[in-house]
Amino acid sequence: MARALINVPSKAKRGDIVEIKTLLSHPMETGFRTGVDGALVPREIINRFVCTYNGEVVFSAELFPAVSANPFISFTTVATDSGTLVFSWTDDQGKTQVQTAPISVE
Amino acid sequence: MLARLAASALVLVLSCAPPSAQTAETPPAGRKSGFDYMGPDSQAMQKDDLSNPGMLGVLDGEALWNAPAGKSQKSCASCHSDARDSMKGVAARYPVFDEAGGRPIDLAGRIGQCREARQEAPALTREGRESLALTTYVGHQSRGMPLAPSTDARLTPFRKSGEALYTRRMGQLNFSCAQCHDDNAGGHLGSAPIPQAHPTGYPIYRLEWQALGSLQRRLRNCMVGTRADAFAYGSPEFIELELYLNWRARGMEVETPAVRP
């Protein structure tokens, strides 16, 4: 399983705009490169990223081969209630990696 | 293609530079890390552990540190326990003199020795994911500490050879490391600023590579830029160059894992 670094403020005031940063370890192989044998290296990228906050989608993105390896995605959301942010990254094989982070809202 | 562009840019830049004066080591007060030549965005990326992609390598290395491997089924931690204590300051003094080999050994080489002889596990390939991750993890334990190269007198002749390599012209373009990194440091090669070549942040996460890479990979890039036949990974020449570069940068802060363009 790939590693991810997630930065969510652990505490926030209700109504605050909070910045969320995620960094996933992934080669993002474009499918356009040739290997040492001259053959194309098959495409293998993360093509979708979704973040839900207490079950509701607050951010999602489609990713394409031009995105660098180890994609860094940062976005903001409004702190509404204490709960959980769930991050999911889906690759070309359809495999999804999920990671969560708690947030406490006062 | 890129290399060719860089090479022609290099002829342009250096032909405008004044004829090479005698090369001299930068005095401590004037020493600048590659960090200082980067733009604010890349600096911010390095400074924030949650956006520095090199930290993914540190996490990988930590997992490997704790994983039993080989016939011994021992982990690095079985013998060295917590790396935060046992490996603190280790990277800052490498390369050191290796009794068994009778010559200097770098950090990746030492880790390779433990892996093969003590864990009894298959050798790690230099520049492979595992070797880089472990070296980054061990190197990271010295972050913020001054580079304190080993003063073992047996290293002196090897450091001298490193210095000789550094000042020797090489490649079809016939440049020495010193001509760029001493005489023209602070200038530009094409659009890239020429740093003073202090190896403070290795292994680094280089944006151009989109990956972690060792000092030797960086040096191979510089050699290919001068159209020289690059030394092999793990070769004595690279370890000698590293000895000299670390000596030249002594006292500077370890940044591992640094981000570089």
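Residues numbered from 1 in each chain as written. Chains lettered and ligands numbered in written order. Predicted model: local features only at pLDDT ≥ 70, side-chain atom pairs only at ≥ 80, totals over all residues. Heavy atoms only, no water.

> Lay out the overall build of chain A with the relevant residues and their values.
Check the secondary structure of chain A and you find zero helices and eight strands. In chain A, the succession of α and β elements from N to C terminus is β-β-β-β-β-β-β-β. C-alpha extents for chain A along the principal axes are approximately 60 × 20 × 20 Å. Burial analysis of chain A (106 residues in total) assigns 41% to the buried set. Across chain A, the fraction of contacts at a sequence separation of at least 24, relative to all contacts at a separation of at least 6, is 57%. When the accessible area of chain A is evaluated, it comes to approximately 5800 Å², of which 53% is carbon and sulfur surface. One way to put it: in chain A the 9 positive side-chain charges average out to a point 6 Å from where the 11 negative ones average out. (Helix = DSSP H or I, 4+ residues; strand = E, 2+ residues; numbered from the N terminus. Buried < 20%, exposed > 50% of the residue type's maximum accessible area, 1.4 Å probe, protein only. Contact = heavy atoms within 4.5 Å. Areas by Shrake-Rupley, 256 points an atom, 1.4 Å probe, with all protein chains shown as cover. Lys, Arg positive; Asp, Glu negative; His and termini not counted. Charge placed at Lys NZ, Arg CZ, Asp CG, Glu CD.)

> Help me get a handle on the domain arrangement of chain B, residues and values and all.
Residues and elements named next belong to chain B. Parsing chain B into structural domains produces domain 1 (25–48 + 150–260) and domain 2 (55–140). Facing 22 residues of domain 1, the contacting portion of domain 2 comprises 22 residues. Each partner contributes to the roughly 1800 Å² buried at the junction of domain 1 and domain 2, and carbon and sulfur atoms together form 66% of this total. Our count for the contact surface shared by domain 1 and domain 2 stands at two salt bridges. In this structure, arginine 154 and glutamate 99 form a salt bridge, with 3.2 Å as the shortest nitrogen-oxygen distance. Here domain 1 and domain 2 share seven residue pairs in polar contact (both at pLDDT 80 or more) between them. Sorting the residues of the side of domain 1 that touches domain 2 by element identifies strand S6 (211–213), helix H11 (215–225) and helix H12 (236–248) as the ones contributing at least two each. In terms of residue count, H12 provides more of the side of domain 1 that touches domain 2 than any other element does, six residues in total. Residue classes in the side of domain 1 that touches domain 2 are distributed as 10 nonpolar, seven polar and five charged. (Domains from an automatic or database assignment. Buried area = accessible area lost by both parts, 1.4 Å probe. Salt bridge = Lys/Arg side-chain N within 4 Å of Asp/Glu carboxyl O. Polar contact = N/O pair within 3.5 Å; in protein donor to acceptor, adjacent residues only side chain to side chain. Nonpolar A, V, L, I, M, F, W, Y, C, P; charged D, E, K, R; others polar.)

> Outline empty space enclosed by the protein, listing residues and values.
Residues and elements named next belong to chain B. What the rule picks out here adds up to one cavity of 30 Å³ or more. Its volume calculated, the largest cavity comes out at about 370 Å³. Forming the walls of the largest cavity are 24 residues, and the residues nearest its centre are Leu107, Thr135, Tyr202, Pro203 and Glu242. Looking at the lining of the largest cavity, the elements that each hand over two or more residues are helix H7 (107–118), helix H8 (129–140), H11 and H12. At four residues, H8 tops the list of elements feeding residues into the lining of the largest cavity. Split by domain, the lining of the largest cavity shows at least three residues from each of two domains, domain 1 (25–48 + 150–260) and domain 2 (55–140). (1 Å grid on protein atoms, 1.4 Å probe; cavity = no way out; pocket = protein on both sides within 12 Å on 5 of 7 lines; lining within 4 Å. Points joined across faces, edges and corners; volume = space filled by probe spheres on them.)

> Run through the packing of helix H9 (residues 156–167) of chain B against H12(B), naming residues and quoting values.
Residue and element names in this part refer to chain B. Viewed as axis vectors pointing N to C, H9 and H12 meet at an angle of 90°, and their least axial separation amounts to 7 Å. Classified by the angle their axes make, H9 and H12 are roughly perpendicular. Of H12, the residues touching H9 (which contributes Phe158, Arg159, Ser161, Gly162, Glu163, Leu165 and Tyr166) are Glu237, Glu240, Leu241, Leu243, Tyr244, Leu245, Trp247 and Arg248. Tallied by class, the residues present in the contact of H9 with H12 amount to eight nonpolar, two polar and five charged. (Axes fitted to C-alpha atoms, helices over the stretch in contact; angles between N-to-C directions. Parallel < 35°, antiparallel > 145°, perpendicular 65-115°, else oblique.)

> Before we move on, can you summarise the interface of chain B and chain A with the specific residues and values?
Counting residues at the interface gives 13 residues for chain B and 13 residues for chain A. Broken down residue by residue, the surface that chain B buries against chain A is led by B:Leu50, B:Leu56 and B:Gln210, which jointly contribute 55%. Put simply, chain B and chain A have two salt bridges between them. Where chain B packs against chain A, one counts four residue pairs in polar contact (both at pLDDT 80 or more). Residues belonging to the side of chain B that touches chain A are distributed by class as follows: seven nonpolar, three polar and three charged.

> Break down the nonpolar core for me, citing the residues and quoting the values.
With 24 residues, the main nonpolar core has A:Val8, A:Phe49, A:Leu85, A:Phe87, A:Trp89 and A:Ile103 as its most contacted residues. Listed by contribution, the elements that provide at least two residues to this core are strand S1 (4–7), strand S3 (17–24), strand S4 (46–53), strand S6 (72–78), strand S7 (83–91) and strand S8 (96–105) of chain A. Sorting elements by how many residues they give to this core places S4(A) first, with four residues. Among all residues touching A:Phe49, those that are not within four sequence positions of it are A:Thr22, A:Phe59, A:Ser60, A:Ala61, A:Leu63, A:Ile73, A:Phe75, A:Phe87, A:Ser88 and A:Trp89. Residues A:Leu5, B:Met55, B:Ala77 and B:Leu134 belong to the second largest nonpolar core, which totals 23 residues. (Core = buried A, V, L, I, M, F, W, Y, C linked by side-chain atoms within 4.5 Å.)

> Hey, could you go over the sheet that holds strand S5 (residues 56–62) of chain A for me, with residue numbers and the actual values?
Residue and element names in this part refer to chain A. The strand order across the open sheet formed by five strands is S2-S8-S7-S4-S5, and the pairing between neighbours is mixed. Two strands lie at the open edges of the sheet, namely strand S2 (11–12) and S5, each paired on one side alone. With eight bridges connecting them, S7 and S8 associate as antiparallel partners. Looking across to S8, one finds that leucine 85 is bridged to alanine 101. (Pairing = 2+ DSSP bridges.)

> Tell me what's going on with the packing of aromatic side chains, and back it up with residues and numbers.
Enumeration according to the criterion identifies nine aromatic pairs over all chains in this entry. For the pair A:Phe59 and A:Phe75, a centre-to-centre distance of 4.3 Å together with 5° between the ring planes defines the contact as stacked. With A:Phe59 in strand S5 and A:Phe75 in strand S6, this residue pair connects regions lying 16 residues apart in the sequence. By relative accessible area, A:Phe59 is classed as partly exposed at 24%. Classification of A:Phe75 by relative accessible area gives buried; the value is 5%. Ring pairs connect the aromatic residues A:Phe49, A:Phe59, A:Phe75, A:Phe87 and A:Trp89, which therefore count as one cluster. Stacked on the ring of B:Tyr37, the Lys or Arg B:Lys32 has its end atom at 5.1 Å from the ring centre. One cation-aromatic arrangement involves B:Arg220 over B:Tyr233; the distance from NZ or CZ to the ring centre is 4.8 Å. (Phe/Tyr/Trp six-rings, centres within 6.5 Å; stacked < 30°, edge-to-face > 60°. Lys NZ or Arg CZ within 6 Å of the ring centre and 35° of its normal.)

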